[in-house]
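Here's the letter readout for the chains.
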Amino acid sequence: MSTLPLREAARAVVLDSHQRVLLLAYDENGGFWATPGGSLEPGEDYPTAVLRELGEELGATDVTLVAQVAERRQVHPVGGRQVRQVEKYFLARVEVSDLDPARANQTDNIRSSRWWTLEELRDTGETIYPLGLADLIADLLKHGTPEKPTVLG
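Please read these numbers as outputs of a predicted model, since none were measured by experiment.

The rules we used
- Residues numbered from 1 in each chain as written.
- Predicted model: local features only at pLDDT ≥ 70, side-chain atom pairs only at ≥ 80, totals over all residues.
- Heavy atoms only, no water.
- Helix = DSSP H or I, 4+ residues; strand = E, 2+ residues; numbered from the N terminus.
- Buried < 20%, exposed > 50% of the residue type's maximum accessible area, 1.4 Å probe, protein only.
- Polar contact = N/O pair within 3.5 Å; in protein donor to acceptor, adjacent residues only side chain to side chain.
- Contact = heavy atoms within 4.5 Å.
- Salt bridge = Lys/Arg side-chain N within 4 Å of Asp/Glu carboxyl O.
- Core = buried A, V, L, I, M, F, W, Y, C linked by side-chain atoms within 4.5 Å.

Peer 1: Is there a simple way to explain the side chain of Glu44 in this structure?
Peer 2: Tracing the backbone shows Glu44 in the loop between β4 (37-39) and α1 (46-58). For Glu44, a relative accessible area of 17% gives the class buried. Within polar-contact distance, the side chain of Glu44 engages the backbone nitrogen of Glu41 at 2.8 Å. Separated by 2.7 Å, the side chains of Glu44 and Arg52 make a polar contact. Leaving out residues up to four positions away in the same chain, Glu44 has contacts with Ser39, Ala49 and Arg52.

Peer 1: I keep staring at the pattern of salt bridges and nothing clicks. Help me out?
Peer 2: Opposite charge on two side chains permits them to pair, given that their charged atoms come into close proximity. Under the definition given, this model contains 11 salt bridges. Between Arg103 and Asp100 there is a salt bridge, and its shortest N-O distance comes to 3.5 Å. Classification of Arg103 by relative accessible area gives partly exposed; the value is 40%. Overall, Asp100 belongs to the partly exposed group, its relative accessible area being 28%. Between Asp135 and Arg122 there is a salt bridge, with the nearest N and O atoms lying 3.2 Å from each other. Within this pair, whereas Asp135 is found in helix α3 (residues 133-143), its partner Arg122 is found in helix α2 (residues 118-123), the two being separated by 13 residues in sequence.

Peer 1: What exactly am I supposed to notice about the nonpolar core here?
Peer 2: General note: in soluble globular proteins, nonpolar side chains tend to be found buried as a group. If you look at the biggest cluster of nonpolar residues, it comprises 23 residues, and the most contacted ones within it are Val14, Leu54 and Leu58. Within the residue set of this core, elements represented by two or more residues are β1 (6-15), β2 (21-26), β3 (32-34), α1 and β6 (81-93). With five residues, α1 is the single largest residue contributor to this core. With residues up to four places along the chain from it excluded, the contact list for Leu58 reads Leu22, Leu24, Pro36, Glu53, Leu99, Asp100, Pro101 and Ala104. Core analysis: the next-biggest nonpolar cluster, separate from the first, contains 21 residues, Val21, Ile137, Leu140 and Leu152 among them.

The structure is reproduced here in structure tokens:
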């Protein structure tokens, strides 16, 4: 049994009406792109946390959470310490006009944001988290939301 602290995180696979996914760029750990989200606050459930995070990081309003589509468990550094992280990913539908960076109040070292097509995700040499995001999105677009969340590596 691990003695590392548990960190529960809610993340969003944010798709717009053009089936593009929104990713955020970070400079730490050599630089990477990731889905929006963050840790749960005391008493929060995962859907509440992901909606709060979308508001804090993107100034998002009028977000439609469709369903939990994936889960990932891993050990990795957060804030300079190793944690056991459990991430639950929710499909969120938004329009670009529903996001207003001026309303974002917790940007958490986000360098920039970008909408990616599935083809761009597959072709990029950039580091994208979670690993397997392009395959997850392809499955969502082809088959809809899974009956049980996909387990990501």
